[in-house]
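# Reading the structure
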Amino acid sequence: MTTQSAPSSPVRRAEPRRYLMCRPTYFDVSYAINVWMDPDKPVDRDLAVLQWERLRALYLDLGHTVELIEPIPGLPDMVYAANGATVVDGLALGARFRNRERAAEGPAYLDWLRAHGDCVDILDPVHVNEGEGDFLVAGRWLLAGTGFRSSRQSHAEAQEFLGRPVVSLELVDDRYYHLDTALAVLTDDLVMYNPAAFSPGSRAALERLFPDAVLADPADAEVFGLNAVSDGRHVVLPEGAVGLAAQLRERGFEPIAVDLSELLKGGGSVKCCTLELRPRT
Ligand code: ARG
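Anyway, here's the lowdown on the structure attached to this text. Bear in mind that the values here come from a model prediction, so they are computed numbers and not experimental data. (Residues numbered from 1 in each chain as written. Predicted model: local features only at pLDDT ≥ 70, side-chain atom pairs only at ≥ 80, totals over all residues. Heavy atoms only, no water.)

### A look at helix α6 (residues 242-250)
Going by this rule: Type-normalised accessible area, obtained with a 1.4 Å probe on protein chains alone, sets the label of each residue: buried when under 20%, exposed when over 50%, and partly exposed for intermediate values. Strands here mean DSSP runs of E at least two residues long; helices mean DSSP runs of H or I at least four residues long; both are numbered from the N terminus. As used here, the arc is the angular range of directions from the helix axis to the C-beta atoms. In this description, contact between two residues means that some pair of their heavy atoms is separated by no more than 4.5 Å.
Turning to α6, its buried residues are Leu244, Ala245 and Leu248. For α6, the arc enclosing every buried residue in end-on projection is 100 degrees, short of the 170-degree limit, so these residues lie on one face. Away from its buried face by more than 90 degrees, α6 exposes Val242, Arg249 and Glu250. In this structure, the buried residues of α6 make contact with β9 (183-187), β10 (190-193), β11 (214-215), α5 (218-222), β13 (234-238) and β14 (254-258). Phi for Gly252, located one or two positions after α6, is positive at around 90 degrees.

Below, the structure is given as structure tokens:
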């Protein structure tokens with residue numbers, strides 16, 4: 001007997017992507033700027049590096065390009081590359097961090113983008129924004145989180161620079177302090193998200209924009225299941241998110257579970273470690 005996907009699920013096509021990652025050479029939890037971080041809990045850095053290497057190898061196996069930025073001593077969160085910028089159509093909007101512990105990461109990522117990003121234009125922002133932690137490209141929209149890190153003013157700054165209509169979304173649960181911990185883009189017109197992480201108005205806006213969205217239950221959200229990376233077909237996500245993986249399979253995607261337990265101690269997972277570099281189209 002052959003197994004077939006449900007007749008309604010469309011064929012999903014993967015598209016090769018260009019990602020920027022940062023090896024967790026200096027990864028640590030030496031301060032706490034989100035509720036997941038506990039500086040008293042030991043971190044196994046060698047294991048963090050191994051888990052991260054597996055993620056990188058997986059992207060290469062899937063046919064993606066992975067660029068590397070040199071890690072800097074004293075910046076233990078630099079492994080979370082998604083926060084370093086937002087790059088769309090070859091336009092790179094730099095990051096400006098809320099917490100001083102991460103402030104130096106903004107210029108470091110900007111320097112890399114200036115040297116290797118093949119960018120058409122680069123902006124060092126005025127307002128606080130934490131890159132793709134809070135800005136997610138979904139087709140013609142730029143979904144933009146606020147409430148904990150990126151400021152509302154940064155949403156206007158992003159729209160002006162990137163020329164993409166911004167949809168501001170209010171995050172209300174401090175466990176899901178970045179948009180990419182509460183929502184993942186699967187294709188240009190499909191997302192998955194945790195409704196409980198958003199204000200009522202933002203939830204209503206998401207329902208209007210994405211009536212067919214995959215909704216995560218609390219158990220999948222708590223293991224960072226929404227901190228996922230999709231290439232249009234393969235969805236790389238934390239291994240604990242079994243409910244989400246099943247839903248994705250039903251929708252015609254190929255979920256690939258990875259173990260990033262050490263990086264979870266800093267409050268991040270797959271997507272946090274991955275900055276997408278989108279070329280001019
Ligand atoms: N410890 C980091 C922070 O609190 C984790 C960042 C996670 N990154 C992300 N894209 N959500 O800033």
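Once you've had a look at it, read on.
### Remarks on the pairing of strand β6 (residues 135-138)
Selection rule: Between any two strands, at least two bridges found by DSSP are needed for them to pair.
Here β6 shows a buried face lined by Phe135 and Val137 and a second buried face lined by Leu136 and Ala138. Where β6 and strand β7 (residues 141-146) come together, four bridges link them in antiparallel fashion. By the bridge assignment, Val137 is partnered in β7 with Leu142.

### A look at the sheet that holds β9
Pairing in this open sheet of three strands is mixed, and the strands run β9-β10-β11 from one edge to the other. Here the strands that pair on one side only, and so sit at the sheet edges, are β9 and β11.

### Focus on the site of the ligand
Let me state the cut-off plainly: Throughout this document, a residue counts as near a molecule or strand when at least one of its heavy atoms sits within 4 Å of that molecule or strand. Definition of a polar contact: a pair of N or O atoms within 3.5 Å, with one able to donate and the other able to accept a hydrogen when the atoms are protein atoms, and with sequence-neighbouring residues admitted only if both atoms are side-chain atoms. Note on areas: Shrake-Rupley, 1.4 Å probe, and residue coverage restricted to the protein chains presented here. Points on a 1 Å grid over protein atoms alone make up a cavity when a 1.4 Å probe fits among them but cannot get out, and a pocket when they form an open set with protein on both sides within 12 Å along at least five of seven lines; lining residues each have an atom within 4 Å of a point. What decides whether a molecule sits in a cavity or pocket is whether more than half of its atoms lie within 2 Å of the grid points. Polar here means any residue other than Ala, Val, Leu, Ile, Met, Phe, Trp, Tyr, Cys and Pro, which are nonpolar, and Asp, Glu, Lys and Arg, which are charged; Gly is therefore polar.
Taken together, 17 residues form the shell around the ligand, and within it Arg102, His178, Asp180, Gly266 and Cys272 come nearest. Asn34 is positioned with one of its side-chain polar atoms (N or O) 2.8 Å from an oxygen atom of the ligand. Separating a nitrogen atom of the ligand from a side-chain N or O atom of His178 is a distance of 2.8 Å. Relative to its unbound accessible surface of 350 Å², the ligand loses 100% to contact with the protein. Judged by the fraction of its atoms near the pocket grid, the ligand is located in the largest cavity. Residue classes in the shell around the ligand are distributed as six nonpolar, seven polar and four charged.

### So, the side chain of Arg102
Relative to the helices and strands, Arg102 is located in the loop between β4 (91-94) and α2 (105-116). In this structure the side chain of Arg102 is engaged in a polar contact, spanning 3.1 Å, whose partner is the backbone oxygen of Asp77. Excluding its chain neighbours within four sequence positions, the residues that come into contact with Arg102 are Tyr31, Ile33, Asp77, Tyr80, Asn83 and Phe97.

### Digging into the pairing of β4
The alternating pattern of β4 places Leu91 and Leu93 and Ala92 and Gly94 on opposite faces, both of which are buried. Hairpin remark: strand β3 (residues 85-88) followed by β4, antiparallel, with two residues in the connecting loop; positive phi at Asp89, about 55 degrees. For β4 and strand β5 (residues 121-123), the ladder comprises three bridges, and the chain directions are parallel. When the sheet's bridge partners are listed, Leu93 is paired in β5 with Leu123.

### Some points on empty space enclosed by the protein
Defined as follows: Grid points are joined across faces, edges and corners, and a volume is the space filled by probe spheres set on the points.
Under the criterion given, the structure shown has two cavities of 30 Å³ or more. Each pocket or cavity is described by its volume, and for the largest cavity that value is around 80 Å³. Lining the largest cavity are 14 residues; nearest its centre among them are Asn34, Tyr80, Arg102, Tyr177 and Gly266. Within the lining of the largest cavity, the residues separate by chemical class into five nonpolar, six polar and three charged. Looking at the second largest cavity, its volume works out to about 30 Å³. Lining the second largest cavity are Cys22, Arg23, Pro24, Thr25, Tyr26, Phe27, Pro71, Ile72, Leu75, Pro76, Met78 and Val79. Considered class by class, the residues forming the lining of the second largest cavity number 10 nonpolar, one polar and one charged.

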